[in-house]
Amino acid sequence: MDKIQTLISFVKPYYNTPDPAHDWAHIGRVAKTARQLAEGLNVNMDCVLAGVYCHDLVNLPKDHPDRKNASTLAAKEAKPLLEKSGFTPDEIAIVEKAIIEHSFSKGLKPSCLEAAIVQDADRLDALGAIGILRCAAVNTQMKANFYDPFDPLAEERELNDKAFMIDHYYVKLYKLPGMMNTERGRKLGEERVAYMKTFINTLMGEIRG
């Protein structure tokens, strides 16, 4: 068994969660996207995949007071699992960077290409059709409304994505393509945001008639 397969056997139980935005299916999608972003680039693919498989080992709710430290805690949790899977100290250092730096709430710029790919791949999973589903799932967990019935697009009020799901599209999600580290990530992000905007236009037609 190679080290990635060994690592998967260690980390998979962590993702047996009722949170559909951060479950094993999420990890699988991010791994698929990471492979796509890394194609043809000079990267350590084992480190990229390890970063993906370990990036949500510690997943705290968005309203948790220690939310900003979740990726640091995940990196700490990952280290012994990486050692037991056969990763070298140099590789573990790269993976730890990828885990810590993927976090949106930390606001860190990736310090290596492996970390950049993990960050882009994870953020792409917040966009497109799956992004719509994930945003709705998190919205439900946060006990927020889908939209403000009096001003759904916040044309005459301040955006408030803690209260309204659609506001989160404008507060964060639509901005993600411009924050991507790789050209492929930007292109995929723009395509996925275009789909989301079509969805919002359709939704507004249903709401407003």
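Residues take numbers from 1 onward in each chain, read along the sequence in its written order. Owing to the predicted nature of the model, reporting of local features is limited to residues with pLDDT of at least 70; listing and counting of side-chain atom pairs is limited to 80 or more, with chain, interface and lining totals taken over all residues. Side-chain calculation: all heavy atoms of the structure are included, whereas hydrogens and water are not.

Helix-helix packing is characterised by the crossing angle of the two axes and by the distance between the axes. Interaxial distance between helix 2 (residues 24-38) and helix 9 (residues 183-208) falls to 9 Å at its minimum, and their mutual angle equals 130°. The orientation of helix 2 relative to helix 9 falls into the category oblique. Contacts between helix 2 and helix 9 involve Thr33, Gln36, Leu37 and Ala38 from the first element and Arg184, Gly185, Leu188 and Arg192 from the second. Here the term charged refers only to Asp, Glu, Lys and Arg, the term nonpolar to Ala, Val, Leu, Ile, Met, Phe, Trp, Tyr, Cys and Pro, and the term polar to all other amino acids, Gly among them. Here the contact of helix 2 with helix 9 is composed, by residue class, of three nonpolar, three polar and two charged. Fitted lines through C-alpha atoms give the axes, limited to the stretch in contact for helices. The angle between two N-to-C directions lies from 0 to 180 degrees. In this description a helix means any DSSP run of H or I spanning at least four residues, a strand means any run of E spanning at least two, and both kinds are numbered starting from the N terminus. Should an angle fall under 35 degrees it is called roughly parallel, over 145 degrees roughly antiparallel, and 65 to 115 degrees roughly perpendicular, with every other angle called oblique. Should any heavy atoms of two residues lie within 4.5 Å, those residues are counted as being in contact.

This part covers the layout of surface pockets. Over the atoms rolls a probe the size of a water molecule, and its path tells where empty space is left. Here a cavity is any set of points on a 1 Å grid over the protein atoms alone where a 1.4 Å probe fits but cannot get out, and a pocket is any open set with protein on both sides within 12 Å along at least 5 of 7 lines; a residue lines the site when it has an atom within 4 Å of a point. Grid points are joined across faces, edges and corners, and a volume is the space filled by probe spheres set on the points. Approximately 920 Å³ is the volume attributed to the largest pocket. Forming the boundary of the largest pocket are 37 residues, of which Lys62, Arg67, Phe104, His168 and Lys172 lie nearest the centre. Top element by residues in the lining of the largest pocket is helix 7 (residues 128-141). It accounts for five residues. Taken as a whole, the second largest pocket spans an internal volume of roughly 160 Å³. What lines the second largest pocket is a set of eleven residues, and nearest its centre among them are Asp19, Pro61, Lys62, Gln141 and Met142. Across the lining of the second largest pocket, the residue classes tally to four nonpolar, three polar and four charged.

Residues Leu7, Tyr53, Leu82 and Tyr169 are the most contacted members of the largest nonpolar core, which totals 56 residues. The element best represented in this core is helix 3 (residues 45-54), accounting for seven residues. In this structure leucine 82 touches Leu7, Ala50, Cys54, Phe87, Ile92 and Val95, once residues within four positions along its chain are discounted. Take the buried residues of types Ala, Val, Leu, Ile, Met, Phe, Trp, Tyr and Cys, join any two whose side-chain atoms come within 4.5 Å, and each joined set is a nonpolar core. Type-normalised accessible area, obtained with a 1.4 Å probe on protein chains alone, sets the label of each residue: buried when under 20%, exposed when over 50%, and partly exposed for intermediate values.

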